Structures are given as structure tokens and as C-alpha cells.
Amino acid sequence: MQTRTLGPSGPTVSALGLGCMGMSDFYGAHDDEQSIGVIHHALDRGVTFLDTADMYGTGRNEELVGRAIAPRRDEVFLATKFGNERAPNGDMLGIRGDPAYVRSACEASLRRLKVDTIDLYYQHRVDRSVPIEETVGAMAELVAQGKVRFLGLSEAAPETIRRAHAVHPITAVQTELSLWSRDAEADVLPTVCELGIGYVAYSPLGRGFLTGQIRSPDDFAADDTRRLHPRFQGENFQRNLDLVREIERMAADKGCSAAQLALAWVLSRGDDVVPIPGTRHAGRLDENIAALDVQLSREELERLDQILPPGAAAGDRYHARGMTQIDA
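Computed from a predicted structure; not experimentally measured.

Analysis parameters
- Residues numbered from 1 in each chain as written.
- Predicted model: local features only at pLDDT ≥ 70, side-chain atom pairs only at ≥ 80, totals over all residues.
- Heavy atoms only, no water.
- Buried < 20%, exposed > 50% of the residue type's maximum accessible area, 1.4 Å probe, protein only.
- Helix = DSSP H or I, 4+ residues; strand = E, 2+ residues; numbered from the N terminus.
- Contact = heavy atoms within 4.5 Å.
- Salt bridge = Lys/Arg side-chain N within 4 Å of Asp/Glu carboxyl O.
- Pairing = 2+ DSSP bridges.
- Polar contact = N/O pair within 3.5 Å; in protein donor to acceptor, adjacent residues only side chain to side chain.
- Right-handed = clockwise from strand over helix to strand, strands pointing away.
- Axes fitted to C-alpha atoms, helices over the stretch in contact; angles between N-to-C directions.
- Parallel < 35°, antiparallel > 145°, perpendicular 65-115°, else oblique.
- Left-handed = near helix turned anticlockwise from the far one by under 90°.
- Nonpolar A, V, L, I, M, F, W, Y, C, P; charged D, E, K, R; others polar.

Describe helix H9 (residues 282-290), and please don't skip the residues or the numbers.
Among all positions of H9, only Leu285, Glu287, Asn288 and Ile289 are buried. In this structure, the buried side of H9 is in contact with strand E3 (18-19), helix H1 (32-45) and helix H8 (258-267).

Okay, structure coming up:
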């Protein structure tokens, strides 16, 4: 397995991570034993950077990951997140970054994961009602106590990243990045590069759309939340599908899958950019890993820019409420 370093002096992780969210929430039916098998397969293949969050399945995803890694903890670089508060029934209650909540959320995650230390602890969304200095100050206390090794931010704006980094070194910033979500290229990627912070790309396959496997909104289960995302609705769906067909044609010319081409593009964004595609299937995991061997020429990168330049995807990447929670 190839490796990458999160920033010039940060930890070394597998060049591809595994996003575990869909194993417990948001994307329809799930099977815990199958998912544990996929996590074990990932570790066998050298994909040791695992990503979860306390909100996924209202804690069930952390419990699942904890069960999976229990016999192999030393192999894993474990990332989880706090900040999106949910009720036991799954209702979203809001975003919290107050110090008391930071401490209690970390303790709860440690219990569910059944670990002594979290390798990378992210603030999942920025709480605009609490100065970022207070939130990161509380996170820094967790580092001093040995409960957390490294700190991260998710969906944070450049100025927020700078202010946070001045309180305690931020090891990684995670935002959405893919061929159809290129906003981070404008300001977040240059900021983290300047500050020596690693970058973790979530949804690098456009929530599955860039794989070419989704052909109709009817492909989603009734409880799949992608049905609520503007890019998967109405005319936007067809316009985005037309773009994906262009990606498929280019991938066929190159002798790889559309998913591999899309992941190779994300990997090309920088030597410390690490995508974390999620999957519940070992075969898809193997396909994603093979993207590490796909090299893109300058001409191929230019062709991808022509097919999917920044802003080409139709529709916002989240529904209206979700977009208000992005720190912009």
C-alpha cells in the first residue's frame, strides 16, 4: 500500500482511506457483519486509515468500527468527529463546539470505539456561536491528556483554519472534493498547503454518482438520503448523468473504471491529499485501491478540466439546510 503524510510533519497514513459512514446510516440498508468483513479486508490490503463520526447512526457506526478493529487496533489510524448533535431517534439537533461538549463527546466516542486514544479528532462542522479558539483549545486539552493524538477540522473556511491552527497545530482538514465538487481548490487547498496541513477528501466519488453505477433516482432505496440532495433530483440528475457518461468514455479509453479515473484525479491534487471513499463491498474496495496505479498525464488532466470544470455539476452539493452548515 502506498502511503502519504498529512502535512510535512504529520502522521503517515495509507494513501487511500475508508469512509465508514454508509455502513450504518444515510445510504439505505446495511449489514454489520458484511461491513466488518469489508473493514477487515481493507486492513488486509493495507487501507488502515478509517474514518467515522459520532453522528453516523447516532453512535452505531463508531460501535461497529470499534468491534471491527478490536483485534487489530495497532494496525489502524483511526479518525472520528464531533460537533453534529443528534437525538437518539436520529433527529438533527444542531452544531456544538462549546468546550464542555467537546470533552463529553470525546469521552462518548472513546467508549463506543473501545479505544484509549483517537488518532485524529475532527470538529465535524464549525459552531459559529463559539469562537473557534475555544473549541480548539478544548480539543488541545484532549491531546495533552493523551485521549487524542492529532486534531482536524471538517468543512472549515480558510480564516477559521488559520485561527484554529494558531491555537494548536491542525493536522488535517477534511472537506468534500471530487470532479463534481471542486470548491476546495479555490481557497481551502491553497490554505492548508501554505500552513503545512494535510487534506482529506470525503465523497471523492460524488456520493457514488461518479462510479457510473447510478442511472436513475429509482436506484436509491426509499430511505437513502441522496434522494434529498439537489444533484440527484429532477433535471439536475440528467445533466449530471450526461457529465458522468463523458467520464465513463474517457475511462474506457484509458482502460480503467470511471471510479478509478475519478479517484486518480483527486489523488493528483497533491502529495498529501488523501481520499476516503466509502463502500460496503469488498470488490468495490479493491477497485478503489487499484486507482492508486492510475497515472494521469497533463493532457488527460486538461481533458477532465474540460469535462467537469469547477462549478459544472448541476445543483448544490447539499440540501438548503446542509448548505447553511458549511463554514464559508
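Lay out the pattern of salt bridges with the relevant residues and their values.
Per the stated rule, a full pass over the model turns up 27 salt bridges. The partner of Glu75 in a salt bridge is Arg72, and the shortest N-O contact between them spans 2.9 Å. The exposure class assigned to Arg72 is buried, which follows from its relative accessible area of 18%. Linking Glu246 and Arg249 is a salt bridge whose minimum nitrogen-to-oxygen distance equals 2.5 Å. Of this pair, Glu246 and Arg249 are both found in helix H7 (residues 234-254), three residues apart, which corresponds to roughly one turn of the helix. Note on Arg249: relative accessible area 45%, which makes it partly exposed. Three or more residues are tied together by salt bridges with common partners; here these are Glu155, Glu176, Arg207 and Arg317.

So what about the sheet that holds E3? Which residues, and what values?
Taking strand neighbours across the sheet as the criterion, the eight strands line up as E3-E4-E5-E8-E9-E10-E11-E12 in an open arrangement whose pairing is parallel. The two strands at the open ends of the sheet, each matched to only one other strand, are E3 and strand E12 (273-275).

Now, about the side chain of Ser109: what can you tell me, with residues and values included?
Along the chain, Ser109 falls in helix H3 (residues 99-113). Looking at Ser109, its side chain comes within polar contact range of the side chain of Glu62, at 2.8 Å. In this structure Ser109 touches Asp54, Glu62, Thr80, Ile118 and Tyr121, once residues within four positions along its chain are discounted.

Talk me through H8; I want residue IDs and the actual numbers.
Burial analysis of H8 places 10 of its 10 residues in the buried class, the great majority of the element. Within the span of H8, buried status applies to Ala258, Ala259, Gln260, Leu261, Ala262, Leu263, Ala264, Trp265, Val266 and Leu267.

Explain the environment of Glu134 to me, and be specific about the residues and the numbers.
With respect to the helices and strands, the residue Glu134 is situated in helix H4 (residues 132-144). Between the C-alpha atom of Glu134 and that of Arg45, which follows or precedes it by 89 residues, the distance is 39 Å.

If you had to explain the pairing of strand E8 (residues 118-123) to someone new, which residues and values would you point to?
Within a regular strand, the side chains alternate between the two sheet faces. The element E8 is extensively covered by neighbouring structure, given that six of its six residues are classed as buried. The pairing of strand E5 (residues 77-82) with E8 spans four bridges and is classified as parallel. Along E8, the bridge assignment pairs Lys81 with Tyr122. Across five bridges, the pairing between E8 and strand E9 (residues 148-154) is parallel. Across the sheet, Tyr121 pairs through a bridge with Leu151, a residue of E9. Between the parallel pair E8 and E9, the chain is carried across by H4, and the sense of this crossover is right-handed.

Please provide a residue-by-residue account of the environment of Ala313, values included.
Of note, Ala313 is situated in the loop between helix H10 (298-307) and helix H11 (320-324). Taking the relative accessible area as the measure of exposure, Ala313 reaches 12% and is therefore buried. Filtering out sequence-adjacent residues up to four positions away, Ala313 remains in contact with Trp180, Arg231, Asn240, Leu243 and Leu308.

Run through the pairing of strand E7 (residues 92-95), naming residues and quoting values.
Where strand E6 (residues 84-86) lies against E7, three bridges are found, and the strand directions are antiparallel. Looking across to E7, one finds that Glu85 is bridged to Gly94. Taken together, E6 and the strand that follows it, E7, pair antiparallel across an intervening segment of five residues, in which Gly90 is found at a positive phi of about 100°.

Give a detailed account of the packing of H4 against helix H5 (residues 158-167), specifying residues and quantitative values.
Running from N to C, H4 and H5 cross one another at 40°; their axes reach a closest spacing of 9 Å. Between H4 and H5, the angle falls in the class oblique. Considering how the two elements wind past one another, H4 and H5 form a crossing that is right-handed. Contacts between H4 and H5 involve Ile132, Glu133, Val136 and Gly137 on the former and, on the latter, Thr160, Arg163, Ala164 and Val167. Residue composition of the contact of H4 with H5, grouped by class: four nonpolar, two polar and two charged.

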